[in-house]
Amino acid sequence: MERNLITYDSFTDDPFKTLPASDPTKGALEVLDWAYRNYQEDIVYACSFGVEGIVLIDLIAKVKPDATIVFLDTGLHFQETYDLIDKIKARFPRLNIKMETPELTLEEQAEQYGSALWKRQPDQCCYIRKVRPLEKALSGTTAWVSGLRREQSLSRSKTNFINKDERFKAIKVCPLIHWTWDDVWHYIEENELPYNPLHDQGFPSIGCIPCTNPVQEGSDSRAGRWVGFNKTECGLHTPDSSEKVMNTEK
Ligand code: SF4
């Protein structure tokens with residue numbers, strides 16, 4: 001396949017299957033360079049500001065210093081996360097970091113669906129506070145970048161560099177698929193990048209406060225997310241779940 005512009009409609013296969021060769025970034029920089037040259041302003045990175053996100057921001061800034069980065073601001077994140085975003089803005093002043101907020105405030109959500117929806121219907125809560133805002137951020141956009149790594153979970157183990165994203169009808173670019181947890185930390189340390197201090201307190205994966213717990217050493221990196229629910233993804237990386245969460249207002 002030609003490595004020229006690939007859209008949702010024209011996608012047939014990942015053109016970077018043979019990467020990485022001997023690239024120290026395991027193909028990430030080559031894929032990002034291709035993506036930003038081809039999609040230019042028509043690509044968005046949806047960053048959660050986890051440790052993989054910081055690596056990706058640093059790599060993206062090398063190929064597109066004024067790239068658009070979107071943070072899905074649910075209004076329920078740790079203060080440490082917001083502080084980290086400020087540090088990243090200071091370190092990468094040319095990046096266009098946008099805070100995408102849900103249509104409903106927390107108060108409006110409580111009025112319509114009852115208080116603490118995340119304790120009863122986390123899929124519905126994620127749909128309102130994360131999936132819909134990302135739909136808005138990606139509206140009219142050809143491609144988006146994600147920090148998924150294959151070793152993170154079974155559901156992520158088949159992720160390719162370039163993916164046809166049926167959920168958002170876009171191309172999903174995943175430059176870090178071959179990176180291990182150690183690779184990520186090595187890069188952070190080597191480049192003296194800021195990171196969320198909660199990672200040092202037993203939180204490998206950091207999301208909203210009510211749905212994020214510390215994990216025992218050696219546990220699955222996402223074991224602290226949505227504890228007590230049969231849920232490991234917020235819905236951004238799973239097939240369309242909108243039907244099952246629609247029309248369930250209280
Ligand atoms: Fe709601 Fe929890 Fe999802 Fe955040 S992670 S949007 S609080 S269910």
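Counting restarts for each chain: residues are numbered from 1 in the order of the written sequence. Local features in this predicted model are restricted to residues of pLDDT 70 or higher, and side-chain atom pairs are both shown and tallied only at a pLDDT of 80 or more, whereas totals for entire chains, interfaces and linings draw on every residue.

Peer 1: Sorry, what's going on with the overall build of the chain here?
Peer 2: What the chain contains, in helices and strands, is eight helices and six strands. Listing each helix as α and each strand as β along the chain from the N terminus yields α-β-α-β-α-β-α-α-α-β-β-β-α-α. Partly exposed residues are those whose C-beta has more than 12 but fewer than 20 other C-beta atoms within 10 Å; with 20 or more the residue is buried, with 12 or fewer it is exposed, and the C-beta atoms are placed from the backbone. Counting only residues that meet the buried cut, the chain has 39% of its 250 residues in that class. Considering only contacts within the chain whose residues lie at least 6 apart along the sequence, 73% involve residues at least 24 apart. Note on conventions: DSSP H or I runs of at least 4 residues are helices, E runs of at least 2 residues are strands, and numbering of each starts at the N terminus. In this description, any two residues whose backbone-derived C-beta atoms lie within 7 Å of each other are considered to be in contact.

Peer 1: Please clarify how the nonpolar core should be interpreted in this entry.
Peer 2: Proteins that are soluble and globular tend to have nonpolar side chains buried together. If you look at the biggest cluster of nonpolar residues, it comprises 58 residues, and the most contacted ones within it are A35, Y45, C47, L56, W144 and V173. Once residues within four sequence positions are removed from consideration, V173 is found in contact with V31, A35, A143, V145, F161 and I162. Core membership is restricted to buried Ala, Val, Leu, Ile, Met, Phe, Trp, Tyr and Cys residues, and these are joined into a nonpolar core through C-beta atoms within 7 Å.

Peer 1: Explain helix 6 (residues 122-138) to me, please; I cannot follow it from the model alone.
Peer 2: Quick reminder: α-helices carry 3.6 residues per turn. Residues three or four places apart thus point the same way. Helix span, as expected, comes to 1.5 Å for every residue beyond the first. If you check helix 6, its first and last C-alpha atoms are 22 Å apart, about what 17 residues at 1.5 Å a residue would give, namely 24 Å. The angle between axes fitted to the seven-residue stretch ending at a residue and the seven-residue stretch beginning at it gives the bend at that residue. Largest kink in helix 6: about 40 degrees, centred on I128. In terms of burial, helix 6 is a largely internal element, 13 of the 17 residues being buried. Backbone geometry just downstream of helix 6 places G140 in the positive-phi region, at approximately 80 degrees.

Peer 1: Help me out: how do you make sense of the confidence of the model for the chain in this one?
Peer 2: Interpreting fine coordinate detail is not advised for predicted regions of low pLDDT. One number per residue, pLDDT, summarises how confident the predictor is, and it ranges from 0 to 100. On average, residues of the chain score 88 in pLDDT, and 86% of them are at 70 or above. Every residue in residues 241-250 is under pLDDT 50, and counting partners more than four places away or in other chains gives 15 contacts. The ipTM value of the predicted complex is 0.99, and its pTM value is 0.88.

Peer 1: I keep staring at the sheet that holds strand 5 (residues 162-165) and nothing clicks. Help me out?
Peer 2: Strand pairing in a sheet is mediated by backbone hydrogen bonds. Such pairs are either parallel or antiparallel. Read across the open sheet, the six strands follow the order 3-2-1-4-6-5; overall the sheet is mixed. Pairing within the sheet leaves two strands with one partner each, and these edge strands are strand 3 (96-100) and strand 5. Strand-to-strand, the axes of this sheet are offset by a mean angle of 30 degrees, without reference to chain direction. Pairs of strands are assigned from DSSP output, requiring at least two bridges between the strands. Bridging between strand 1 (residues 43-46) and strand 2 (residues 68-72) involves two bridges; their strand directions are parallel. Bridge pairing links A46 to V70 in strand 2. In this description, a line fitted to the C-alpha atoms serves as the axis of each element, helices being fitted only across the stretch in contact, and the angle between N-to-C directions of two axes falls anywhere from 0 to 180 degrees.

Peer 1: Looking at this structure, how should I read the UniProt feature "binding site: [4Fe-4S] cluster" (unreviewed entry) in the chain?
Peer 2: UniProt positions are given in the numbering used here, feature names are shortened, and annotations may be inferred rather than shown by experiment. Under the present numbering, the feature "binding site: [4Fe-4S] cluster" (unreviewed entry) in UniProt falls on C125, C126, C208 and C211. Spanning 87 residues, the annotated positions come together in the fold, the maximum distance between their C-alpha atoms being 11.0 Å. What C125 contacts, discounting residues up to four positions off in sequence, is L117 and W118. In this fold, C208 is placed in the loop between helix 7 (181-190) and helix 8 (242-245). Those residues in contact with C208, other than ones at most four positions away along the chain, are T74, L76 and H77.

Peer 1: Even after reading the chapter, I still don't get the site of the ligand, so can you show me in this structure?
Peer 2: Taken together, 13 residues are adjacent to the ligand, and W118, C125, C126, C208 and C211 come closest. Per-element accounting of the shell around the ligand gives the leading share, five residues, to helix 6. Gly counts as polar in this scheme, as do all residues outside two lists: the nonpolar Ala, Val, Leu, Ile, Met, Phe, Trp, Tyr, Cys and Pro, and the charged Asp, Glu, Lys and Arg. Taken together, the residues of the shell around the ligand sort by class into nine nonpolar, two polar and two charged. Each residue receives a C-beta atom placed from its backbone. It is near a molecule or strand if this atom lies within 6 Å of it.

Peer 1: Where do I start with the packing of helix 2 (residues 51-63) against helix 7 in this structure?
Peer 2: When two helices pack together, their arrangement is given by the angle between the helix axes and by the axis-to-axis distance. In the contact formed by helix 2 and helix 7, the axes pass within 10 Å of each other and the chain directions differ by 55 degrees. The angle between helix 2 and helix 7 falls in the class oblique. Where helix 2 crosses over helix 7, the two elements pack in a sense that is left-handed. Contacts from V51, E52, I54 and V55 in helix 2 reach V184, Y187 and I188 in helix 7. Here the contact of helix 2 with helix 7 is built from residues that sort into six nonpolar, no polar and one charged. By the definition adopted for this analysis, an angle is roughly parallel if under 35 degrees, roughly antiparallel if over 145, roughly perpendicular if from 65 to 115, and oblique otherwise. It is the rotation of the near helix from the far one that decides the hand of a crossing: anticlockwise by less than a right angle makes it left-handed, clockwise makes it right-handed.

Peer 1: I keep staring at unusual backbone geometry and nothing clicks. Help me out?
Peer 2: Even without a glycine there, the phi angle at Q40 is positive, about 50 degrees. Its location among the elements puts Q40 in the loop between helix 1 (28-39) and strand 1. One non-glycine residue, A116, adopts positive backbone phi at about 45 degrees. Within the secondary structure layout, A116 lies in the loop between helix 4 (106-113) and helix 5 (117-120).

Peer 1: I would appreciate a short explanation of the environment of T105 in the present structure.
Peer 2: Assignment of secondary structure puts T105 in the loop between strand 3 and helix 4. The exposure class assigned to T105 is exposed, which follows from the 11 C-beta atoms found within 10 Å. A sequence separation of 23 residues divides T105 from I128, and the C-alpha atoms of the two residues are 10.0 Å apart.

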